[in-house]
Amino acid sequence: MARRQLQRKVRRPARRPGPKATQRRGPVHIRLRVGFILVAMVLSVFGGRLVQLQGIDPHSYAAMAAAENVVDVVLPAERGEILDRDGEALADSSDGLMVLADPKQTKKDAPAIAAFLAKELGVDYASALAKLRKDGSRFQYIKRQVPATQATAAVEKAGKEGFQGLWTSRDPLRNYPNGDVAANLVGFMGNDGPLAGLEAAFDKHLAGKDGHAEYDATSPVSGTRMPLGTNNRVDPVNGNDLTLTIDRDLQYYVQQTLMDAVQKSRAESGMAVVMDTQTGEILSLVDYPTFDARDPAASPKALRGSNALSNVYEPGSVQKVLTVAGLLDQGLVSPSTRIRVPESYMSGGAPIRDWYPHGVEKLTLAGVIAKSSNIGTVMAADKYADGQLREYLSAFGQGQRTGLGLDTESAGLLASPETWNDANEDRIDFGQSISVNAVQMTAALNTIANGGVRIDPSLIVGSATNNSGAEVGTDTAERNRVVSQEAATQTAEMMERVINDPVNGTAKQAAVPGYRVSGKTGTAQRVNSECKCYDGTTTVSFGGFAPTDDPRFTVYVAIHNPGNGGGGGSVTGPVFSQIMSFALRRYGVPPTGTEPSKMPTGW
Amino acid sequence: MSIAAAPQAPARRPDRAAETTQPRLAAVPEPLPAPLAPRLPFVVLVSMLLVGGVVGLLVFNTSMQQSAFQEQRLQEQATTLAAREQALDGELKKMEDPHKIAAAAKKLGMVVPQNAAMLRVPEAKVEGEAVPADRSATPPLHPKVAKPYSVQVAEQKAAEAAAAKKKAAELAEKKRQEAAEKQAAEEQRTSTGEAR
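Residues numbered from 1 in each chain as written. Chains lettered and ligands numbered in written order. Predicted model: local features only at pLDDT ≥ 70, side-chain atom pairs only at ≥ 80, totals over all residues. Heavy atoms only, no water.

As recorded by an unreviewed UniProt entry, chain B carries the name Cell division protein FtsL and is attributed to Nocardioides turkmenicus.

Naming follows an unreviewed UniProt entry, where chain A appears as Penicillin-binding protein 2 of Nocardioides turkmenicus. Heading Sequence similarities (unreviewed entry) of the UniProt record for chain A holds this comment: "Belongs to the transpeptidase family." You can read under Subcellular location (unreviewed entry) in the UniProt record for chain A the words "Membrane". (UniProt positions renumbered as here; feature names shortened; annotations may be inferred.)

Put into structure tokens, the structure is as follows:
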């Protein structure tokens, strides 16, 4: 106030000389005041707006500004390939494309475009029409995982026909070039992720991590980058490859051979495993029937995996090899131990019989194996102390998962020490009252082949971590001695008599000309899952290795419910021989040239 | 306010003095002629800089945009070519499918040998037994199996189950009828009993 008065005092004299001017424009202080008020009003509007923008709701405006023409695209990571041991792809990814539509542009021509897409891409007309007409949307998936060339051609053709608002974007495609070969192991991908096999079990290993790119675009549709604009990019991390120990060509041959045998014997199903004796690598693991990974929907769900791993069964007489190997390791018997085999043998209130009727037979232990005598095996195994057999079988890997990395694997059934009794043991001696999967059985036989040292079977070269966190592969395979080298060698030679003994041998069909081969037949009664009883059907099998004195491969074949009434020797023996012969030739294994075993089988 | 008013007062004071005291009037010494800066070149320079800057920025921006378009075009071309390469690679892999190779081999009359002998060249030795190849070790090609065996079994089981169900239903129906008859008879008996 004081200042204003002072100003007035000062100004007053100055007004005197120009009274005219004052009259025209009004007194100075009035003009100044009006001007000041005007300025203040404008400034307070600015100030108010500033507070509104920055103080009250700063984010919504920022977001609106950012949303305009900012494009955020996902950069899909490429899924790792699944390769066989030679690097041949069993599953690979290629640049598929997804076809997308902007309904804002496609709305007016929707029926024509939908008809066009139905013809070019094979999409459903009605659902495509609904997508093309979707209100308030500028982004609709028309079809995903289209081969790139087909998608590009379709969109180009659409452009030529004058249809606007269609474009494509990257969307990796999964291919299974070999169809059903190894499909039981590889599995397959659904639209929303892996559904079976290694694809599912090693999804985290294979998948990689999607990246994304956010940038200003000249138009959200064309996606042309605006230089000097926002540009945030996180590169995708591609998935890791998975190299299997599987040999694709061998897998094919085994699959076809097994299929032929299953069909010719009018059997229900079959499985076959080929293992590298010295490394435990699984060269092929075949199921029949199986499915086509390119068209999994064509096969029933139960076939879209590996039954060799998930289905357990009673192995039958092949098991005798393990029983006897333990006895030899303990020094309780020798191959020439003489056994007087009676007609039948009482155990647990029920008689045990042999597969062929006979009077009292004079067999050596080698003869018991060669002729596959249940009674002889049980009598020899009576020498085991309590609990010893179970320890051996457990060491051979029975009753435990093999740890290939596939979680669908079943552990099988080895009676616990609490439920174990003598009658049970007598039946376990020859492979009943115990259930296994095919890979367990192969690994157990491989222990004999590998001089008594069991190697964990493996399906993956190197090592990889599956979805449940288990690290598996050849790098992590453990080796454990189960029986002595001598016991293993003796067992192998007794198994050679199964094939080369002209009188007592049960599987002459399993021979591979020129090579020394060891093996064992098995014909087991099957448990029907419905009645939990033996229903009269059988599982016939043959497991063995070659060459006997320096084994390179262990092959195991099992066929369920042959309709022709054949046994392990006649049905699976020839399959074993063909597969073994093919494998030896394929890997260039020469015959060892040593004399075959001639150990006596009778006395 | 105060700042605006302050210079006015001293500015007018000399005027008042001039009215009263004439002799004090003296020629104000002319200000030293300031070196007149050539204004025109400076304005031109600034304008040129400005225009140059704007035009330069425009050209730069345009060329950036141009290269962005080119980048996109080349990117699309690269994608198309990569897709073609992959399509061809895919075709190649499909041809490497063991099923295809086996079929082609069969067409040429080739078979898988059952057994082969091995030659040891330095020792001039033959190992193993060579057997003339026939078709015995050659598995058949992928035959068109209409339905896997297990499906046939499942279907058979389903049919059996359906038959059993039908039978059970028939049996139940029969039982119910019998029960109804029995009940009717009993009712009759009781009614006759009552009558008695």
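Caption draft 1: Seen up close, the overall build of chain B. Looking only at helices and strands, one finds five helices and two strands in chain B. Going residue by residue from the N terminus, the α and β elements of chain B occur as α-α-α-α-β-β-α. Looking at chain B alone, contacts between residues at least 24 apart form 24% of all its contacts between residues at least 6 apart. Of the roughly 16,500 Å² that chain B leaves accessible, carbon and sulfur atoms contribute 64%. (Helix = DSSP H or I, 4+ residues; strand = E, 2+ residues; numbered from the N terminus. Contact = heavy atoms within 4.5 Å. Areas by Shrake-Rupley, 256 points an atom, 1.4 Å probe, with all protein chains shown as cover.)

Caption draft 2: Layout of the UniProt feature "transmembrane region" (unreviewed entry) in chain B. Per the UniProt annotation, the sites labelled "transmembrane region" (unreviewed entry) are residues 40-60 of chain B. Taken end to end, residues 40-60 of chain B is 100% helix and 0% strand, and its first and last C-alpha atoms sit 29 Å apart.

Caption draft 3: Up close: the pattern of salt bridges. Summed over the entire model, instances satisfying the criterion amount to 26 salt bridges over all chains. Two residues, Asp407(A) and Arg401(A), come together in a salt bridge whose shortest N-O distance is 3.4 Å. (Salt bridge = Lys/Arg side-chain N within 4 Å of Asp/Glu carboxyl O.)

Caption draft 4: Seen up close, the packing of aromatic side chains. Residue and element names in this part refer to chain A. Enumeration according to the criterion identifies nine aromatic pairs over all chains in this entry. Residues Phe139 and Tyr141 carry aromatic rings whose centres are separated by 5.5 Å and whose planes lie at 80° to one another, so their mutual orientation is edge-to-face. Under the relative-accessibility criterion, Phe139 is labelled partly exposed at 43%. Measuring from ring centre to ring centre gives 4.8 Å for Trp355 and Tyr356, while their planes differ by 70°; the resulting arrangement is edge-to-face. (Phe/Tyr/Trp six-rings, centres within 6.5 Å; stacked < 30°, edge-to-face > 60°. Buried < 20%, exposed > 50% of the residue type's maximum accessible area, 1.4 Å probe, protein only.)

Caption draft 5: Region of the structure containing the state of the cysteines. All names here are of chain A. Inspection of the entire model under this criterion finds one disulfide over all chains. One disulfide in the model links Cys531 with Cys533; its S-S distance is 2.0 Å. Measuring handedness by torsion sign, the sulfur bridge of Cys531 and Cys533 sits at about -80° and is left-handed. (Disulfide = S-S within 2.5 Å.)

Caption draft 6: Expanded view of the UniProt feature "transmembrane region" (unreviewed entry) in chain A. According to UniProt, the "transmembrane region" (unreviewed entry) feature falls on residues 30-51 of chain A. Each end of residues 30-51 of chain A is marked by a C-alpha atom, and these two atoms are 31 Å apart; helix forms 100% of the span and strand 0%.

Caption draft 7: Local environment of helix α20 (residues 485-500) of chain A. Residues and elements named next belong to chain A. Across its 16 residues, α20 extends 22 Å between first and last C-alpha, which sits within 8% of the 22 Å expected from 1.5 Å per residue. Within α20, the full set of buried residues consists of Ala487, Ala488, Thr491, Ala492, Met494, Met495, Glu496, Arg497, Val498 and Ile499. Buried residues belonging to α20 abut α14 (320-330), α15 (365-371), α19 (438-449), β23 (518-528) and β24 (533-546). (Expected span 1.5 Å × (residues − 1).)

Caption draft 8: Unusual backbone geometry, seen in detail. Residues and elements named next belong to chain A. The omega angle of the peptide bond from Tyr288 to Pro289 is 0°, so this bond is cis rather than trans. When you line up the elements, Pro289 lands in the loop between β14 (282-288) and α13 (307-310). Cis rather than trans, the peptide bond between Ala546 and Pro547 has omega equal to -15°. Looking at the element boundaries, Pro547 is found in the loop between β24 and β25 (553-560). Of note, Asn561 is a non-glycine position whose phi angle comes to about 55°, a positive value.

Caption draft 9: Structural view of the packing of helix α12 (residues 248-264) of chain A against helix α21 (residues 568-586) of chain A. All names here are of chain A. Packing of α12 against α21 brings their axes to within 10 Å, and their N-to-C directions diverge by 165°. One finds that α12 runs roughly antiparallel with respect to α21. Remark: the crossing between α12 and α21 carries right-handed chirality. Where α12 approaches α21, its residues Asp249, Leu250, Tyr253, Val254, Thr257, Leu258 and Ala261 are matched on the opposing element by Val575, Gln578, Ile579, Phe582, Ala583 and Arg586. The residue makeup of the contact of α12 with α21, split by class, is nine nonpolar, two polar and two charged. (Axes fitted to C-alpha atoms, helices over the stretch in contact; angles between N-to-C directions. Parallel < 35°, antiparallel > 145°, perpendicular 65-115°, else oblique. Left-handed = near helix turned anticlockwise from the far one by under 90°. Nonpolar A, V, L, I, M, F, W, Y, C, P; charged D, E, K, R; others polar.)

Caption draft 10: Geometry of a nonpolar patch on the surface. Residue and element names in this part refer to chain B. Where nonpolar side chains cluster on the molecular surface, the patch consists of Phe42, Val43, Leu45, Val46, Leu49, Leu50, Val51, Val55 and Val59 and spans about 870 Å² of accessible area. Inspection of the secondary structure assignment puts Leu49 in helix α3 (residues 39-95). Accessibility expressed as a relative area gives 61% for Leu49, which makes it exposed. (Patch = residues over 30% accessible without salt bridge, like charges linked within 9 Å, V, L, I, M, F, W, Y side chains within 5 Å.)

Caption draft 11: Representation of the environment of Gln490(A) within the structure. All names here are of chain A. Secondary-structure assignment places Gln490 in helix α20. For Gln490, a relative accessible area of 22% corresponds to the partly exposed category. Here the alpha-carbon distance between Gln490 and Ala325, two residues 165 residues apart in the chain, equals 8.2 Å. Excluding anything up to four places from it in sequence, Gln490 contacts Leu328, Pro335 and Met599.

Caption draft 12: Up close: the sheet that holds β14(A). Residue and element names in this part refer to chain A. Pairing is antiparallel in the open sheet, where five strands are placed in the order β14-β13-β25-β24-β23. Of all the strands in the sheet, just β14 and β23 have a single pairing partner and so form its edges. Taking each pair of neighbouring strands and ignoring which way they run, the sheet shows an average axis angle of 10°. Two strands pair when backbone bridges link them, and β24 and β25 are joined in this way by eight bridges, in the antiparallel orientation. Residue pairing in the sheet places Gly543 in a bridge with Tyr556 of β25. Its contacts with the sheet put α20 on β23 and β24, and the angle it makes with β23 is roughly 80°. (Pairing = 2+ DSSP bridges.)

Caption draft 13: Spotlight on the confidence of the model for chain A. Considering every residue of chain A, the mean pLDDT works out to 87; 94% of them sit at 70 or more. Confidence over residues 1-15 of chain A falls short of pLDDT 50; this stretch has 13 contacts with residues more than four positions distant or in other chains. (pLDDT = per-residue confidence, 0-100.)

Caption draft 14: Region of the structure containing the sheet that holds strand β7 (residues 173-175) of chain A. Residue and element names in this part refer to chain A. Read across the sheet, four strands follow the order β7-β3-β2-β12 without closing on themselves; strand pairing throughout is mixed. If you trace the sheet from one side to the other, it starts and ends with β7 and β12 (242-243), each paired once. Judged from the two bridges that link them, strand β2 (residues 82-83) and strand β3 (residues 89-94) form a sheet pairing that is antiparallel. Residue pairing in the sheet places Leu83 in a bridge with Ala89 of β3.

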